[in-house]
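# Observations on the three-dimensional arrangement
Chain by chain, the residues:
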Amino acid sequence: MHFEPVGQRSRPTRRAVLGTIAGVAASGVAGGYAWDHHHLGHGSDDRGGTAADGTGTGPSARPTGAHTFERLSVPDRTVARAADGGTLATFTDGARTAVLTGPTRSFSEPRTTEAKVTTDAWVRVLPHEWQRGMEKSAWFKGWFRKALGDTSPDVFAAAFEYSSAGAPDKHNASGVRYAGTAHFGPRNAKVNNPLDFAYHDEQSDFYDYLGIDWTFPDGTRVQPAKARYGDVDCSGFQRLVWGYRMGIPVHNTNTRGTGLPRRAFAIAAYGPGRLVIPDTGEQPTDLGALQPGDLVFFAIIRDRPFIDHCGMYMGLDDQGRHRFYSSRSAANGPTLGDLSGRSLLDGTDFYARGFRAARRL
């Protein structure tokens, strides 16, 4: 299980490419990404089923017995604990993101990195922003009881249904392809270096990927660009996963509003949820407040202190490094790989130097 220390945690004090996410395909896709799903419960290594949609058939890793709730701070949150003290779930005040402990999964992308992220974190979206004491409400008791045993696709599984390394197409009842390999954007003929951040063009939003018209809550109606079908830039990818797939509202401006604004800098400044690492203009050195699923933000245009890239934090990789997933130009879509910059938040690599802030939706 995840470990949540008792008491406070200390507060956490260039654009060469943009890249992201993924899905759940059977592990071992040749030349692509691999998603290995197996179940670990109380020290056992019983293996459960692996399915193309991120579901599992093995025993749950979550205890079903008595549990307690504890309040922690920085950020203010409620932690559900099993009888043995292990963490069952974490709920952060002001955020809809819930992280539950479940069957262990491994995410990898052999074509772009040797690193692998193995995690027992399952990222879910609550129907309401969490507030202190909500564990006593009727809606939560029913939700939590179901969530503890749920192995249907979570945020990570949905994100990997768009992996640039290869993900199978999925269509809804209306024939819309809502999942499958995503790319970053159209080829920019003015740029010759494939590792340049502008080799593939930005400006592709979730409705471009879907190829459908979209009406936003303020009545604004947009049409997809045909040349951008199947494409999402970094913030468009997060809107595709958290908005279109997970139901968090989105709007079409870069100002304050209900839900996710359009660009990375606006999501960092005005997005829903709460900042867990504020932007000080410098690379954060204390990453202790991060949890899987947090959005992470970068200023990667040289000599310009401006947030211009975002991704999703996945946790520690097999080398103990903080790894994220984002849609980028060099990989031409969602990636956790290391083309033209390692997907790391710590250290002195390209993206780590540009890391500035984190928000929990």
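### Some words on the pattern of salt bridges
Per the counting criterion, the structure on display carries 17 salt bridges. For Arg-124, the salt bridge goes to Asp-150, with nearest N and O atoms at 3.6 Å. One end of the pair, Arg-124, is in strand β6 (residues 116–125); the other, Asp-150, is in the loop between α1 (138–148) and α2 (155–159), with 26 residues separating them in the sequence. Among the salt bridges present, the one from Asp-349 reaches Arg-321, with a minimum N-O distance of 3.9 Å. Of the two residues, Asp-349 sits in the loop between β15 (333–335) and α6 (350–354) while Arg-321 sits in the loop between β13 (309–316) and β14 (322–328), which places them 28 residues apart along the sequence. In this structure, a network of salt bridges that share partners links the residues Asp-205, Asp-233, Arg-239 and Arg-262.

### Some remarks on the pairing of β14
The element β14 is largely enclosed, with a buried count of 7 among its 7 residues. Alternating positions in β14 separate into two faces, His-322, Phe-324, Ser-326 and Arg-328 on one and Arg-323, Tyr-325 and Ser-327 on the other, with burial throughout. Alignment of β13 against β14, held across 4 bridges, turns out to be antiparallel. From the neighbouring strand, Gly-315 faces β14, where its bridge partner is Arg-323. Remark: 5 residues form the turn of the hairpin made by β13 and β14, two consecutive strands paired antiparallel; Gly-320 in that turn has positive phi of roughly 75°. Connecting the antiparallel pair β14 and β15 is a turn made up of 4 residues, with Asn-332 showing a positive phi of about 55°.

### Focus on α1
Turning to α1, its buried residues are Phe-140, Gly-142, Trp-143, Phe-144, Ala-147 and Leu-148. Along its buried surface, α1 packs onto β2 (67–72), β3 (77–82), β4 (87–92), β5 (97–108) and β6.

### Re helix α4 (residues 234–245)
Its 12 residues give α4 an end-to-end C-alpha distance of 16 Å, which sits within 8% of 16 Å, the value for a rise of 1.5 Å per residue. Taken together, the buried positions of α4 are Cys-234, Ser-235, Gly-236, Phe-237, Gln-238, Arg-239, Leu-240, Val-241, Trp-242 and Gly-243. Positive phi appears at Gly-247, one or two residues downstream of α4, with a value of about 90°.

### Some details on the sheet that holds strand β11 (residues 274–277)
Here 6 strands make up an open sheet; going across it, the order is β11-β16-β12-β13-β14-β15 and the pairing antiparallel. On the outer flanks of this sheet lie β11 and β15, each paired with one strand and no other. Geometrically, the sheet is characterised by an average inter-axis angle of 30° between neighbouring strands, direction not taken into account. As paired strands, β14 and β15 are joined by 3 bridges and run antiparallel to one another.

### Observations regarding the packing of aromatic side chains
All told, the structure shown has 27 aromatic pairs when counted by the stated rule. Centre to centre, the rings of Phe-265 and Phe-306 are 5.2 Å apart; their planes meet at 40°, and the pair counts as tilted. Pair noted here: Phe-265 is in helix α5 (residues 264–270) and Phe-306 is in the loop between β12 (295–298) and β13, with a separation of 41 residues, a long-range link. By relative accessible area, Phe-265 is classed as partly exposed at 24%. Since its relative accessible area comes to 23%, Phe-306 is described here as partly exposed. Between Phe-298 and Phe-324 the ring centres are 4.7 Å apart and the planes differ by 40°, which places this aromatic pair in the tilted class. Remark: Phe-324 occurs in strand β14 and Phe-298 occurs in strand β12; sequence separation between them is 26 residues. Grouping residues by exposure puts Phe-298 and Phe-324 together as buried. Taken together, the aromatic side chains of Phe-69, Phe-91, Trp-130, Trp-139, Phe-140, Trp-143 and Phe-144 make up a single cluster linked through ring pairs.

Definitions and cut-offs
- Residues numbered from 1 in each chain as written.
- Predicted model: local features only at pLDDT ≥ 70, side-chain atom pairs only at ≥ 80, totals over all residues.
- Heavy atoms only, no water.
- Salt bridge = Lys/Arg side-chain N within 4 Å of Asp/Glu carboxyl O.
- Helix = DSSP H or I, 4+ residues; strand = E, 2+ residues; numbered from the N terminus.
- Buried < 20%, exposed > 50% of the residue type's maximum accessible area, 1.4 Å probe, protein only.
- Pairing = 2+ DSSP bridges.
- Contact = heavy atoms within 4.5 Å.
- Expected span 1.5 Å × (residues − 1).
- Axes fitted to C-alpha atoms, helices over the stretch in contact; angles between N-to-C directions.
- Phe/Tyr/Trp six-rings, centres within 6.5 Å; stacked < 30°, edge-to-face > 60°.

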